[in-house]
Amino acid sequence: MNQTAPVLEVKKLSKQIGKRKIVEDITFEVQKGEIFGFLGPNGAGKTTTIRMLVGLIRPTEGMIQIGGYPLQDQFIEAISQVGCIVENPELYPYLTGRENLEHFARMMTGVTDEWIHEIIRLVELEERIDELVKTYSLGMRQRLGIAQALLGSPKILILDEPTNGLDPAGIRELRAFIRKLVHEQGISVFISSHILHEIQLMCDRVAIINKGKIVYTGPVRELVHEEETRIEWRLDPLQSGVQVLKELSFVRPVEQTEEHLYVYMPLDRIAEVNEQLTAKQIKVTGIRPVQATLEDLFLQLTGGETKS
Amino acid sequence: MIGLVYNEMLKMVRKKRLWVILGILVILIPIFTYAQAQTLERAAKQIGTSDWKVVLKQQIIDQQNRLTSSRLPEEWKAFIKLNIQQQEYYLKNNIDPTAPGAPTFMRKFVEESVSLFLPLLVVIIAADLVSSELSSGTIKLLLTRPVRRWKVLLSKYISLLFATSFIVLSTAILSYLLSGVVFGYGGWDLPVLSGFQEKNGALLTEFVHLMPQWKYLLMAYGLSWLACITVATVSFMVSVLVRSTASGMGIMLAAIISGNLLMQLSPTWGAIKYFAFTQLRLTDYLSGRPILIEGMTLPLSIGVLGAWSVVALITAFVSFSRRDVLA
Ligand SMILES: Nc1ncnc2c1ncn2[C@@H]1O[C@H](COP(=O)(O)OP(=O)(O)OP(=O)(O)O)[C@@H](O)[C@H]1O
Ligand SMILES: [Mg+2]
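The shown structure was predicted, so the numbers you read here are calculated from the model rather than taken from an experiment.

Draft legend 1. Seen up close, the pattern of salt bridges. Residues and elements named next belong to chain B. Under the definition given, this model contains 22 salt bridges over all chains. Linking Arg17 and Asp128 is a salt bridge whose minimum nitrogen-to-oxygen distance equals 3.4 Å. Separated by 111 residues along the polypeptide, Arg17 in helix α2 (residues 17-47) and Asp128 in the loop between α6 (117-126) and α7 (131-136) bring together distant segments of the chain. Judged by relative accessible area, which is 24%, Arg17 ranks as partly exposed. Beyond isolated ion pairs, a larger network of salt bridges with shared partners links Glu8, Lys11, Glu133 and Lys156.

Okay, structure coming up:
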């Protein structure tokens, strides 16, 4: 197998259910050792795409290659390279964590007891592993879900909104864990989310999907223009302040509410703008950089028109 | 494959369904035993004498008298001779035919439960085998392994065959052990009449013969096993096609009960013989109970059941290996 070949290659993938095209003409590649984000709002078609990637549903059109093997024609070889969680990690509640892992290990070749042991240690479930899964908390289930995905020593991990239902600490933990996996085992990770910030923190590259179509593929760094940050201004009086800001060439107003104004502008020019406002007798009661959301991103990508 | 079947058996056991079934048997068999004992007691009272040997001797003499009649057709004579033979065996071996042992209860129990009770137990296991994985979402983890879908399904079917056999076997063993407390554990060698055939509405007795009870029991439980396998296979298909376990179970119960009802209500309507669940009473061919549906024979009944099983299996496998898993 070619070393430089992408671990996951998707070409012109489409899925139609009934008359609706749920996913249309999706193309992307995930390289070795890369964390690839799959970003899209609710109902964009993320889960549907992932179901196709792991062979749960048949694409209407298009091709999927995993580790160089076409998924449709060489299912066994292709799927052996994949560990996945689709939507929630549904395990058997009436079995213990260990029994669940052993259950899935029996469906693969070459999973040793030592490896199962190692994985349990990796996801830090040693203490509760011999208890029934129905007694687990959501976070523990997520970790057990990841453990079962790692059983076959996959080349690529496909995770569908893995942070769903986790608290901030749990999310941070998961992020660190995924980084460690990529770092130590050289695994690639394909991760879907509807939260831009999450993808920004975790991923190297991203594909953004909306209404079944990819609207952007590229490095996460280039996603949000770093020279332009979203800033919240609280001004008094607001209207005259808005006038002042609008006259500045490097400021792009985005949204205005009752008491504040959101604009895009370079961070390092805040002081300068502040001075100008004060000079014109406008009180600045608050300045705050705001994390861009997926909505903002769509605005940016579509050049200001609102989506749908 | 062995690993896969082991997985399925493990889940079946841990879901505790098999224990529920054993529990049902352990509770119901003593009730049936008690009912049977009551019936026998009442029958003994009606005859008037408590000495069964006197009754038996009188019956033998009566039948011998009928044999001397010259107008009796030959095959009737043969049948009566068999009857006498059976009763002489009872006398010689000191067996009270009205106070049967546990094996006789086993026989009666399977004959009565083959068309409804046993199928219901089988449905409890079979109906959620696939649908539970669909509705709980575990199917996604099951089908994203390096195993072909048909193999996953086959492992489930094999474990279902094991479970069905286990149910039939437990019914046999439990009905023997539990009823023996009241009826005693003897009676395996008791001669039983079998080999009745029906033609044009008349009972043919020319093939009737005596058979030791243990042999009869083996055949009766074998035939019930066949009936149960058919029920299991059809439920299996329903479980693949219907996502909700409750609906699947409902569909199967409705089908089995209508099979029983149809057989009672409209046995002359020829088409119902092609409906699998009117054909479950295979043991009737052994016991000589009049077959309600006209023109049916044992091979025909087994043929209908077999055809249903094959079609159900093909439907299940084709649907399971093709369909989109949107659970
Ligand atoms: N079985 C189905 N039949 C018809 N439409 C479906 C089916 N499953 C999903 N859809 C539709 O496909 C679209 C995409 O669904 P999908 O679950 O892939 O979205 P998603 O990106 O995963 O969203 P979320 O962030 O909410 O998980 C939705 O509009 C949904 O209504
Ligand atoms: Mg989703």
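Draft legend 2. Inspection of the site of ligand 1 at higher detail. Around ligand 1, the structure places 13 residues, and the nearest of them are A:Asn42, A:Gly43, A:Lys46, A:Thr47 and A:Thr48. At the site occupied by ligand 1, the surrounding residues belong to chains A and B. In the environment of ligand 1, an oxygen atom lies 2.9 Å from a nitrogen or oxygen atom belonging to the side chain of A:Asn42. Interatomic distance of 2.5 Å between a side-chain N/O atom of A:Thr48 and an oxygen atom of ligand 1. In the complex, the protein chains occlude 65% of the 640 Å² of accessible area that ligand 1 would expose alone. Of all the elements in the fold, those that place two or more residues in the shell around ligand 1 are β2 (20-30) and α1 (46-53) of chain A.

Draft legend 3. Region of interest: the environment of B:Ser155. Residues and elements named next belong to chain B. Position of Ser155 relative to the elements: it lies in helix α9 (residues 149-183). Of the residues examined, Ser155 reaches a relative accessible area of 1% and is grouped as buried. Along the backbone, Ser155 and Asn7 are 148 residues apart, and their C-alpha atoms lie at a distance of 8.5 Å. Those residues in contact with Ser155 that sit more than four places away from it in its chain are Met1, Leu4, Val5 and Glu8. Among the polar contacts listed, one links the side chain of Ser155 to the backbone oxygen of Val152, at a separation of 2.6 Å.

Draft legend 4. Local environment of the sheet that holds strand β4 (residues 61-66) of chain A. Residues and elements named next belong to chain A. Pairing within the open sheet is antiparallel, and its four strands lie in the order β2-β1-β4-β5. Edge positions in the open sheet fall to β2 and β5 (69-70), since each of these has one partner strand only. Where β4 meets β5, two bridges bridge the pair, whose relative direction is antiparallel. Following the sheet pairing, Gln65 is matched in β5 by Pro70.

Draft legend 5. Examining the sheet that holds strand β13 (residues 260-265) of chain A more closely. Residue and element names in this part refer to chain A. The strand order β12-β13-β11-β14 describes an open sheet built from four strands, whose pairing is antiparallel. In this open sheet, the two edge strands, each paired with only one partner strand, are β12 (252-256) and β14 (283-290). Taking each pair of neighbouring strands and ignoring which way they run, the sheet shows an average axis angle of 25°. The pairing of strand β11 (residues 229-236) with β13 spans six bridges and is classified as antiparallel. The residue bridging Trp233 from the neighbouring strand is Leu261, located in β13. Packing of helix α8 (residues 238-247) onto the sheet brings it into contact with β11, β12 and β13, and relative to β11 it is tilted by some 140°. Set on the sheet, helix α9 (residues 270-279) makes contact with β11, β13 and β14; between it and β11 the angle comes to about 20°.

Draft legend 6. Broad picture of the domain arrangement of chain A. Per the domain assignment, the segments making up chain A are domain 1 (8-219) and domain 2 (229-291). Of note, the centres of domain 1 of chain A and domain 2 of chain A, computed from C-alpha atoms alone, are 42 Å apart.

Draft legend 7. Region of the structure containing the interface of chain A and chain B. Taken together, the contacts link 29 residues of chain A with 30 residues of chain B. Roughly 2,900 Å² of surface becomes buried between chain A and chain B when both sides are summed, with 58% attributable to carbon and sulfur atoms. Area buried by chain A at its contact with chain B is led by A:Leu56, A:Tyr94 and A:Met107, which between them contribute 24% of it. Taken together, chain A and chain B are joined by three salt bridges. B:Arg14 is the partner of A:Glu99 in a salt bridge, and the nearest nitrogen-oxygen pair spans 2.4 Å. Counting every contact that joins chain A to chain B gives 17 residue pairs in polar contact (both at pLDDT 80 or more). Contributions of two or more residues to the side of chain A that touches chain B are made by β1 (8-17), α2 (75-79) and α3 (97-105) of chain A.

Analysis parameters
Residues numbered from 1 in each chain as written. Chains lettered and ligands numbered in written order. Predicted model: local features only at pLDDT ≥ 70, side-chain atom pairs only at ≥ 80, totals over all residues. Heavy atoms only, no water. Salt bridge = Lys/Arg side-chain N within 4 Å of Asp/Glu carboxyl O. Helix = DSSP H or I, 4+ residues; strand = E, 2+ residues; numbered from the N terminus. Buried < 20%, exposed > 50% of the residue type's maximum accessible area, 1.4 Å probe, protein only. Near = heavy atom within 4 Å. Polar contact = N/O pair within 3.5 Å; in protein donor to acceptor, adjacent residues only side chain to side chain. Areas by Shrake-Rupley, 256 points an atom, 1.4 Å probe, with all protein chains shown as cover. Contact = heavy atoms within 4.5 Å. Pairing = 2+ DSSP bridges. Axes fitted to C-alpha atoms, helices over the stretch in contact; angles between N-to-C directions. Domains from an automatic or database assignment. Buried area = accessible area lost by both parts, 1.4 Å probe.

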